[in-house]
Amino acid sequence: MIYIKVLVTGGLGYIGSHTCVELLNNGYEVVIVDNLYNSTIDVLQRIEKITGKKVDFYDFDVCSYEAMDTVFSENKIEAVIHFAAYKAVGESVKEPIKYYQNNLLATLNLCKVMLKYNCQRLIFSSSATVYGKVRSLPIKEDAPLSTTNPYGTTKLMNEEILADICKANPNFSVVVLRYFNPIGAHKSGLLGENPKGIPNNLMPYIMRVAANNEREEKEQVAEYKYVKVFGDSYDTLDGTGVRDYIHVVDLARGHLLAMEKCFNSLGIDFYNLGTGKGYSVLDLINTYEKVNNVKVPYKIVAKRDGDIAACYADTNKAFKELGFKALYGIDDMCRDSYLYQKNYIKEHGEIF
Ligand code: NAD
Ligand code: WQD
């Protein structure tokens, strides 16, 4: 068996941790660099527990050239999956410098060190956010690109930087993955997403409202009494926003297929990772209630600035060229998020 050593930046984060599990279960060796900005060290032990494999970990900032040089000098890295970034859209509007600094510098440094060590395969975490104000659905990879917030702009700028690096270095191979809306959790209940503070995204908010509702009335927290549904007058079936939710384990598998592509071709290419199906906010709330037999109260409130009515992927390119097809449906995503929620509460006593 050939052991390929993959560096995973941001490997203790939500998507990174699930991807490390898939890599380890498929014979790759994994080195993680994560500065624990948005993750905790116990995730490392959880990855090792699920897979029964050892992972090398560096608590380093990808923005430090010296630190990344150390990682490459101590390991023969053959490919990199670059997850490390800040990802909160609202915060990026308030603190654009913080976002440009972290999300651009990390990639620039990483590529500089990769070139020094002749490591030429990179998978980059981009986002459906680069499609900006969507004009036609489903969204194909060659749709017009634009952004509506600094976080999105960092993703688009990263894509352009990587395209230029590939032009200048013909032996470089980059696969850019544009994720739609990842939700769900690992079936062990050991890995999942539980953001610090009040969640911006829908699924973590639903989880907290469901957990709050299971508490005694006097112990309930006002913030999580109900989900605030941002608008019900969109041009969608039930008037609420429609998104392409994808199970995080499917997303993780997509990185393994992208890795094969990285080893078999040169230059840069771009792929949507989604299911191709759109579900509304109310679909997600209703499904969470149904499959988990819980209550998720909600109220319709004003639209959120910058939101679009609907967004879902054209999945044909990823299927034809990577062989990617999502295996899990919306019921699985809701069931596994709840499993993580239950397990988290069992371990920590509470989820917020
Ligand atoms: P996450 O915050 O859970 O994981 C990112 C990890 O990177 C964290 O563990 C954080 O500590 C680490 N990190 C950040 N900056 C770092 C730095 N400079 N040096 C070292 N470590 C650093 O986020 P996620 O949801 O797992 O997202 C992973 C990637 O996918 C990000 O690039 C994100 O922008 C992108 N993405 C996420 C979503 C989503 O909805 N979750 C959608 C599209 C794209
Ligand atoms: C989904 C739907 C909301 C919260 C964001 C980023 C995007 C990407 C994924 C990183 C929308 C509605 C939400 C709530 C609600 N991240 N909603 N009440 O906005 O599609 O995408 O995460 O790249 O860049 O913008 O995801 O989960 O925030 O919202 O009604 O409390 O749920 O209006 O229709 P979004 P989301």
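For the structure, check the block above.
My aim in this report is to walk through the structure given alongside it, one point at a time. (Residues numbered from 1 in each chain as written. Chains lettered and ligands numbered in written order. Predicted model: local features only at pLDDT ≥ 70, side-chain atom pairs only at ≥ 80, totals over all residues. Heavy atoms only, no water.)

## Some details on the packing of aromatic side chains
Put simply, the test is: The aromatic pairing rule takes the rings of Phe, Tyr and Trp, using the six-membered ring of Trp, and pairs them if the centres are within 6.5 Å, calling planes under 30 degrees apart stacked, those over 60 edge-to-face and the rest tilted. Here, a charge over a ring means that NZ of Lys or CZ of Arg falls within 6 Å of the ring centre while also lying within 35 degrees of the ring normal.
Applying the stated rule across the entire model yields nine aromatic pairs. An aromatic cluster is built from Tyr-37, Tyr-86 and Tyr-99, whose rings are joined through pairwise contacts. Here the guanidinium or amino end of Lys-228 rests over the ring plane of Tyr-226, the centre of that ring lying 5.8 Å away. The aromatic ring of Tyr-271 is capped on one face by Lys-317, whose charged end is 4.7 Å from the ring centroid.

## Section: the sheet that holds strand S4 (residues 79–82)
Filter applied, for reference: In this analysis, strands are considered paired if DSSP registers two or more bridges between them. A run of DSSP states H or I qualifies as a helix once it reaches four residues; a run of E qualifies as a strand once it reaches two. Both are numbered from the N-terminal end. Fitting a line to C-alpha atoms yields each axis, with helices limited to the stretch in contact; the angle taken between N-to-C directions then spans 0 to 180 degrees.
Pairing is parallel across the open sheet formed by seven strands, whose spatial order is S3-S2-S1-S4-S5-S6-S11. The open sheet has two free edges, formed respectively by strand S3 (56–58) and strand S11 (267–273), since each of these has just one partner strand. Strand-to-strand, the axes of this sheet are offset by a mean angle of 20°, without reference to chain direction. Relative to S11, strand S6 (residues 173–179) is paired through seven bridges, and the arrangement is parallel. Its bridge partner lying in S11, Tyr-179 is registered against Leu-273.

## Notes on the pattern of salt bridges
Side chains that differ in sign of charge can pair as their charged atoms come close. Quick note on the threshold: By definition here, a salt bridge exists when the distance from a side-chain nitrogen of Lys or Arg to a carboxyl oxygen of Asp or Glu is within 4 Å. We call a residue buried when its accessible area falls under 20% of the maximum for its residue type, exposed when it is over 50%, and partly exposed in between, using a 1.4 Å probe and counting protein chains only.
Throughout the structure, instances matching the rule amount to 20 salt bridges. Across the pair Glu-223 and Lys-228 runs a salt bridge whose closest N-O atoms are separated by 3.1 Å. According to the relative accessible area criterion, Glu-223 is partly exposed, its value standing at 30%. Exposure remark for Lys-228: the relative accessible area of 30% places this residue in the partly exposed category.

## Section: the site of ligand 1
The condition is simple: Distances are taken per atom, and a residue is near a molecule or strand as soon as one of its heavy atoms is within 4 Å of it. The term polar contact refers here to a pair of N or O atoms within 3.5 Å; inside protein, the definition further demands a hydrogen-donor-capable atom paired with an acceptor-capable atom, and it admits residues adjacent in sequence only when both atoms are side-chain atoms. Every accessible area reported is derived by Shrake-Rupley at a probe size of 1.4 Å, with residue values counting cover from the shown protein chains alone.
Every one of the 29 residues lining ligand 1 counts as a neighbour, but Asp-34, Asn-38, Phe-83, Asn-102 and Tyr-151 are closest to it. Contact distances for ligand 1 include 2.7 Å between an oxygen atom and a side-chain N or O atom of Asn-38. In this structure, Asn-102 approaches ligand 1 through a side-chain N or O atom, which is 2.7 Å from a nitrogen atom. Contact with the protein chains removes 95% of the 820 Å² of surface that ligand 1 exposes when unbound.

## Here we look at the layout of surface pockets
Rule in force here: Put simply, the grid is 1 Å and covers the protein atoms alone, a cavity is a trapped set of points that fit a 1.4 Å probe, a pocket is an open set with protein on both sides within 12 Å along at least five of seven lines, and lining residues have an atom within 4 Å of a point. Grid points are joined across faces, edges and corners, and a volume is the space filled by probe spheres set on the points.
Counted as a void, the second largest pocket has a volume near 190 Å³. Along the wall of the second largest pocket there are 15 residues; nearest its centre are Gly-274, Thr-275, Lys-277, Lys-325 and Ala-326. If you list the elements that add at least two residues to the lining of the second largest pocket, you get helix H10 (316–322) and helix H11 (330–348).

## Overview of helix H2 (residues 42–51)
Those residues of H2 that fall on the buried side of the exposure criterion are Val-43, Leu-44, Arg-46, Ile-47, Glu-48 and Thr-51. Phi turns positive one or two residues past the end of H2, at Gly-52, with a value near 70°.

## Side note on the site of ligand 2
Threshold: Lys, Arg, Asp and Glu make up the charged group, whereas Ala, Val, Leu, Ile, Met, Phe, Trp, Tyr, Cys and Pro make up the nonpolar group; the residues left over, Gly among them, are polar.
With respect to spatial proximity, 17 residues lie near ligand 2, and among them Ser-127, Tyr-151, Lys-228, Arg-243 and Asp-307 are the closest. A distance of 2.8 Å separates an oxygen atom of ligand 2 from a polar side-chain atom of Arg-304. Summarising the interface, the protein chains cover 87% of the accessible area of ligand 2, which totals 690 Å² for the free molecule. Sorting elements by how many residues they give to the shell around ligand 2 places strand S8 (residues 227–230) first, with three residues. Among the residues making up the shell around ligand 2, the classes are represented as seven nonpolar, six polar and four charged.

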